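Inside the fold
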Amino acid sequence: MFKTRLISGIVMVVVLALLIYFGGPVLFAAFLIISIIGMMELFRAIGGEKESSGKMLKKYEEGDRGIQCRTPGIAAYIAIIIYNFLAYFEKLEYAPELYAGFFIVLMIIYVMTFPKYDSVQITMAFFGFFYVGVMLSYVYRITQLTGGSATIIMIFIGSWGSDTGAYVVGRLFGKHKLIPKLSPKKSVEGFFGGIVTSGLLGALFGGVLAKSYMGALANPAVACAIIGAASSLISQIGDWTASAIKRNYGIKDYGRLFPGHGGVMDRFDSVIFTAPVVYYLAMLLQK
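All of the points below concern the structure found in this document.

Glancing now at the packing of helix 4 (residues 71–88) against helix 6 (residues 119–142). Relative to each other, helix 4 and helix 6 sit at 25 degrees, their axes nearing to 9 Å. Considered as vectors, helix 4 and helix 6 are oriented roughly parallel to each other. With respect to the hand of their crossing, helix 4 and helix 6 are arranged in right-handed fashion. Of the residues in helix 6, those in contact with Pro72, Ala76, Ala79, Ile80, Tyr83, Asn84, Ala87 and Tyr88 of helix 4 are Ile122, Ala125, Phe129, Gly133, Val134, Ser137, Tyr140 and Arg141. Broken down by class, the residue content of the contact of helix 4 with helix 6 amounts to 12 nonpolar, 3 polar and 1 charged.

Attention now goes to the pattern of salt bridges. Side chains that differ in sign of charge can pair as their charged atoms come close. Applying the stated rule across the entire model yields 4 salt bridges. Ionic pairing is found between Asp266 and Lys246, a salt bridge with its closest N-O pair at 3.0 Å. With Asp266 in helix 11 (residues 264–267) and Lys246 in helix 10 (residues 220–248), this pair connects stretches of sequence that are 20 residues apart. For Lys246, a relative accessible area of 14% puts it in the buried group.

Bringing the nonpolar core into the picture now. Counting residues in each nonpolar core, the largest one holds 73 residues, and the members touching the most others are Phe129, Tyr131, Ile155, Phe156 and Phe268. Looking at which element gives the most residues to this core, the answer is helix 6, with 13 residues. In contact with Ile155, other than residues within four places in its own chain, are Val139, Ile142, Val271, Thr274, Ala275 and Val278.

Our focus in this paragraph is the environment of His261. Mapped onto the fold, His261 is located in the loop between helix 10 and helix 11. Judged by its relative accessible area of 11%, His261 falls in the buried class. Note: C-alpha distance between His261 and Gly9 (252 residues apart in sequence) is 7.9 Å.

To continue, consider helix 9 (residues 188–208). Compared with the 30 Å implied by 1.5 Å per residue over 21 residues, the 31 Å span of helix 9 between its first and last C-alpha is a close match. Here helix 9 has its buried residues at Glu189, Gly190, Phe191, Gly193, Gly194, Ile195, Ser198, Gly199, Gly202, Phe205 and Gly206.

Tracing the chain through its elements places Asn84 in helix 4. On the accessibility criterion, Asn84 (4% relative accessible area) is buried. Asn84 has contacts with Phe28, Leu32, Gly133 and Ser137, leaving out every residue within four places of it along the chain.

Each value, and the rule that gives it
- Residues numbered from 1 in each chain as written.
- Predicted model: local features only at pLDDT ≥ 70, side-chain atom pairs only at ≥ 80, totals over all residues.
- Heavy atoms only, no water.
- Axes fitted to C-alpha atoms, helices over the stretch in contact; angles between N-to-C directions.
- Helix = DSSP H or I, 4+ residues; strand = E, 2+ residues; numbered from the N terminus.
- Parallel < 35°, antiparallel > 145°, perpendicular 65-115°, else oblique.
- Left-handed = near helix turned anticlockwise from the far one by under 90°.
- Contact = heavy atoms within 4.5 Å.
- Nonpolar A, V, L, I, M, F, W, Y, C, P; charged D, E, K, R; others polar.
- Salt bridge = Lys/Arg side-chain N within 4 Å of Asp/Glu carboxyl O.
- Buried < 20%, exposed > 50% of the residue type's maximum accessible area, 1.4 Å probe, protein only.
- Core = buried A, V, L, I, M, F, W, Y, C linked by side-chain atoms within 4.5 Å.
- Expected span 1.5 Å × (residues − 1).

Right, dumping it as structure tokens:
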């Protein structure tokens, strides 16, 4: 299992590095696809029904499709495709109209097909659109900032770097449980270890690339340290959020796309929260 996880992780890092290197339409298309897959995983996991975890686990294992391939889910995929193209062409001033239009479409589906879908399924279609699709779109949007091709790496320092730091510090020094009912293995020490690790990695990253790639930041080393620490904090909340949803619906992993790691929602749960934080802090800390 460890060997599979290690090899899969290395492959993911290599592919991610290539996506960042090519950037532009390649990165845009890749994360649009990742968003859609993540939404499908979420819709399948939730299933749109509040049942006992045992029943949900049985339905999940039997291949219950929730709303992932039904009308509310399809509407959500179309909405996120439109949203991403608005971001790509830098026309997000029309995003509020898209939100309102998508909501109205969901209400039309709800009433015109009643009682085929309940209010939970309709609500989850909008939730999935925003939680996965809109939030992940910030990965590409960062590249539209000055120095964004380098700043985008801060997303993964703040998420995956934080995960590593929290794990190592937690294993070595963890004594105080953080959220025992949700993540029994998470510790207060690991929580702060992740923040410190990301802050230090950010400072190192910003310092090394300060002159060549991150000149838009007022003080790249300090700015990246702040971004790293702040994004670590929010990335851990993203991790717990995805875990809470899994526990609510009695599933272990969202999918099997990445051997040893699970699905998109298992691997990118912290990235979903980190990307917007990095984007707005990078704008705030520019000269």
